[in-house]
Amino acid sequence: MRAGRIFFMALAAFLTLLAAGSQALATMVSLTFDDGLAGAYNSAYPVLKKYGAPGVSGIITGRIDPANDDYMSWEQIRELSAAGWEIVSHSVNHARPIQVPVFYSQEPIHGWTRDSPDAPIYQAHYDYELITGLFENGKPLKEVETIKELNYKPGSFFFDRVIEELHIRPFNPPEDPSSLDIRAFSYEREMEQSKKDLIEHGIEAKTFVAPYNYWTDDVREASKRYYQYAVIGKGEDNRPGSYDPYGIKRFMVHKDDTVASLMRIVTQNAVDKNSWVIFCLHGIGDNTGWEPWSADKLDKFVAWLRQENIDIVTVAEGARRMAECAASKARAGTAPACKAAPGKSAQGKPAKAKAAPGK
Ligand SMILES: [Zn+2]
């Protein structure tokens, strides 16, 4: 009730500003669901559909597996896409950029020596803490649990994380170990390969969502080669002026966060500051995934957004409007001349909620 009253006062002030000729910049909200969890399809989708709102789903392409129903299937992902959701890349393996090489140029592993004269096994130092994929001349090697298994499995590797020592048994053992062409999956490959995986399944991803919201200057640069937009964490809103299409900020939603706490974030940012607020959710409606939120809370929150006529947009649509806003500002000189476009979502027509649930 209290939050509702505060919101009403903020809305009244906002409308007064509008009437006075001062214009709204970019009041809008986006709902992103990371990791491509089944809850996005089973629970979030029916809720958003009810209110005619689009969602955004970040797919970890390497996790999609018909045998694992914790994650959505390609059919379900395509259905969301057809319904106006934005499907975005959330990498292939969900690694942090510090755990793996960042660029393609850092993928080759050098310094190979023969492990023993008897078996075609080689070793080298590996500088990173994680191997999400290892290739010999482009062909993937299989990871084994013990070093002994290398003796009878050509095309395999064993990684000792503690001492960062890598042992391999190549498909084609060379006479000269320095001629081995062994590469480790880089963060840049995560970006490019996930985009290709999505295209292969009929989805053109414009946006990359950083795994763990971990973002550095060099991965920001790499993301520009493959995407139009990159989404991170930070716990802030996006405002014209400081907005960065390769560092679009989000608020994390935790398991115990209340509907009122999300309403407060929207009121204090999107409404009061005319900014773009994006929420980062994971599992919805069940206990899978990081910090799952309930479908009931999501329903109440979206009902409230609709009731208050706050635009719900995809990341690509929000970014398009931010760019439009910046362009019109430039044309108008110093005066802010861009307006939010309520109800003009490119993705699906907003449907009016019948009643006002969530009170
Ligand atoms: Zn994630």
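Residues numbered from 1 in each chain as written. Predicted model: local features only at pLDDT ≥ 70, side-chain atom pairs only at ≥ 80, totals over all residues.

Colleague: Please explain the sheet that holds strand E6 (residues 134-136) as it appears in this structure.
Modeller: Two strands in a sheet stick together by hydrogen bonds in their backbones, pointing the same way (parallel) or opposite ways (antiparallel). The three strands are arranged E7-E6-E11 in an open sheet whose pairing can be described as antiparallel. Every other strand in the sheet has two partners, leaving strand E7 (139-140) and strand E11 (182-184) as the edge strands with one partner each. Relative to E11, E6 is paired through three bridges, and the arrangement is antiparallel. Within E11, the residue paired with phenylalanine 135 across the bridge is arginine 183. (Pairing = 2+ DSSP bridges. Helix = DSSP H or I, 4+ residues; strand = E, 2+ residues; numbered from the N terminus.)

Colleague: Where do I start with helix H2 (residues 38-50) in this structure?
Modeller: Working note: α-helix, 3.6 residues per turn, so residues spaced by three or four point in the same direction. Here H2 spans 18 Å end to end across 13 residues, near enough to the 18 Å set by a 1.5 Å rise per residue. Remark: the principal bend of H2, roughly 40°, maps to alanine 44, with a proline, proline 46, within the next four residues. Turning to H2, its buried residues number three or more, namely Ala38, Gly39, Ala40, Tyr41, Ser43, Ala44, Tyr45, Val47 and Leu48. Along its buried surface, H2 packs onto strand E1 (28-33), strand E2 (56-59), helix H3 (74-82) and helix H7 (295-307). Positive phi shows up at glycine 52, right after H2, with a value of about 65°. (Expected span 1.5 Å × (residues − 1). Bend = angle between axes of the 7 residues up to and from the residue. Buried ≥ 20, exposed ≤ 12 C-beta atoms within 10 Å, placed from the backbone. Contact = placed C-beta atoms within 7 Å.)

Colleague: Can you walk me through unusual backbone geometry in this structure?
Modeller: Most peptide bonds take the trans form, and the phi angle of most residues other than glycine is negative. Look at tyrosine 212: it is not a glycine, yet its phi comes out positive at around 60°. Secondary-structure assignment places tyrosine 212 in the loop between strand E12 (207-209) and helix H5 (217-223).

Colleague: Help me understand the pairing of strand E3 (residues 86-89), please; the structure alone is not making it clear to me.
Modeller: As a general feature of sheets, a regular strand has side chains that alternate between the two faces. Neither face of E3 is open: one carries Glu86 and Val88, the other Ile87 and Ser89, and all of them are buried. In the sheet, E2 pairs with E3 via four bridges, with the strands oriented parallel. Within the sheet, the bridge partner assigned to isoleucine 59 lies in E3 and is serine 89. With H3 bridging E2 and its parallel neighbour E3, the resulting β-α-β unit is right-handed. (Right-handed = clockwise from strand over helix to strand, strands pointing away.)

Colleague: I'm lost on the packing of H2 against H7 in this one. Help?
Modeller: What describes two packed helices is the angle between their axes and the distance between those same axes. Contact geometry of H2 with H7 gives a least axis separation of 10 Å together with a crossing angle of 25°. One element, H2, and the other, H7, form an angle in the roughly parallel class. Relative to H7, H2 is oriented so that their crossing is right-handed. Across the interface between the two elements, Ser43, Ala44, Val47 and Leu48 of H2 pack against Ala295, Leu298, Asp299 and Val302 of H7. Residue composition of the contact of H2 with H7, grouped by class: six nonpolar, one polar and one charged. (Axes fitted to C-alpha atoms, helices over the stretch in contact; angles between N-to-C directions. Parallel < 35°, antiparallel > 145°, perpendicular 65-115°, else oblique. Left-handed = near helix turned anticlockwise from the far one by under 90°. Nonpolar A, V, L, I, M, F, W, Y, C, P; charged D, E, K, R; others polar.)

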